[in-house]
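Structural overview for review
For reference, the chains in residue letters:
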Amino acid sequence: MAPKQGDSADEARMRLALEEARKGLGKTSPNPPVGAVLVRDGNVLGRGHHEIAGGPHAEVQALRDAMSAGMNPAGATMYVTLEPCSTTGRTPPCVDALIGAGLSRIVVGSTDPNPRHAGGGLEVLRRAGLVVEAGVLEEPCDALIRYFRKHILTGNPFVVAKSGMTLDGRITPLPGQPPWITGEEAREDVQRLRGEMDAILVGGETVRKDNPRLTLRGSHALGRSQPLRVIVTRSGDLPGDALLFTDDHKERTRVFHVEHLEPVFAALGKEGVCSVLLECGGRLLGEAFSRRLVDEVVMYLAPVIGGGPRRAVEGDGFRAQLISPEIAWFGSDIRYRAAVRYHEDET
């Protein structure tokens, strides 16, 4: 993420930390992605990001990066996208490493969303004599950890609804046409999106009709486990020879024989799943919206009108407003990504 015109020096360096943090998207769960940059006299001494749950945190990685290059971190400023931890988990508290390195200043993007820890790390650093500033580029730093935030506050995963469709909302082609609605560039972006997620959910009908793999491929699969593949079925009628049950990742498949989605998300949350991508058909996607379970949408719109009978979202009796949309082109297709606000929440 390059500095923007009008950025302060702190904002410009926090953007570098955000750039580092994005390298960990999809790889750190149930921990959040975090990036850090170490700076002194305007020069970057070290960079780092949290690479995998249980591994060193971003702050420690940045310190190690600096010291491996022969740089003494004493007196430097650390820019970190999330408040440094102050408790012992699978790694020691990052605040101890920062204090021990002799840093003079810490600049933080987001405060820890965990109510048990929020502000604790900042207070420890201040008591140790470091200058601490929080809230620099807070909005993009908060957005980066939105999956983690929902999971830590509710126990449930953040839910993203994804679909590729024609301009009039159809998700299947006519008989005899190629199976894809969207183009190659959009499908490659779906791989990148899957790479952010802990789990991908489909309905039994999708398994029966499409026999999907729901896997990451190529470079998107590097450095992380395959996402969990989640099947939700009411009938329990699933083909035993489906790829989800027979491929090399069959141990990553979960089946829920349920009427509604809430117990599915609750169970996944207990398993440490922070994010779920819905790639299901219109009926199940309509249920997810009607029960106010979707937090964000990613829709790929192809420049086509008409197609097969299946629609992206079925059902009625609900209204979901899409807010703060981000629009991007992938070949001739448009990706529309936005947060969801339900009718009852509108003011």
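Coordinates for the structure precede this section.
In what follows, the accompanying structure is described. Keep in mind that this is a model prediction, so the values were computed, not measured.

Okay, the sheet that holds strand E1 (residues 35–40) next. Pairing within the open sheet is mixed, and its five strands lie in the order E2-E1-E3-E4-E5. The sheet is open, and its two edges are formed by strand E2 (43–49) and strand E5 (131–134), each paired on a single side. Mean inter-strand twist for the sheet, computed between neighbouring axes without regard to direction, equals 15°. In this sheet, strand E3 (residues 77–82) lies alongside E1 in antiparallel orientation, the contact comprising four bridges. In the strand pairing of E3, Val39 is matched with Thr77. Against the sheet, helix H1 (residues 9–22) engages E1, E2, E3, strand E4 (105–110) and E5, with an angle of about 140° to E1. Here helix H4 (residues 120–127) sits on the sheet in contact with E4 and E5, set at roughly 155° to E5.

Along the chain, the position of Val313 falls in the loop between strand E11 (296–301) and strand E12 (320–330). For Val313, a relative accessible area of 31% puts it in the partly exposed group. Between the C-alpha atom of Val313 and that of Ile171, which follows or precedes it by 142 residues, the distance is 9.4 Å. Dropping the residues within four chain positions of it, Val313 is found in contact with Gly282, Leu285, Gly286, Phe289 and Phe318.

The rules behind each value
- Residues numbered from 1 in each chain as written.
- Predicted model: local features only at pLDDT ≥ 70, side-chain atom pairs only at ≥ 80, totals over all residues.
- Heavy atoms only, no water.
- Pairing = 2+ DSSP bridges.
- Helix = DSSP H or I, 4+ residues; strand = E, 2+ residues; numbered from the N terminus.
- Axes fitted to C-alpha atoms, helices over the stretch in contact; angles between N-to-C directions.
- Contact = heavy atoms within 4.5 Å.
- Buried < 20%, exposed > 50% of the residue type's maximum accessible area, 1.4 Å probe, protein only.

Don't take any of this as a statement about function, it's just geometry.
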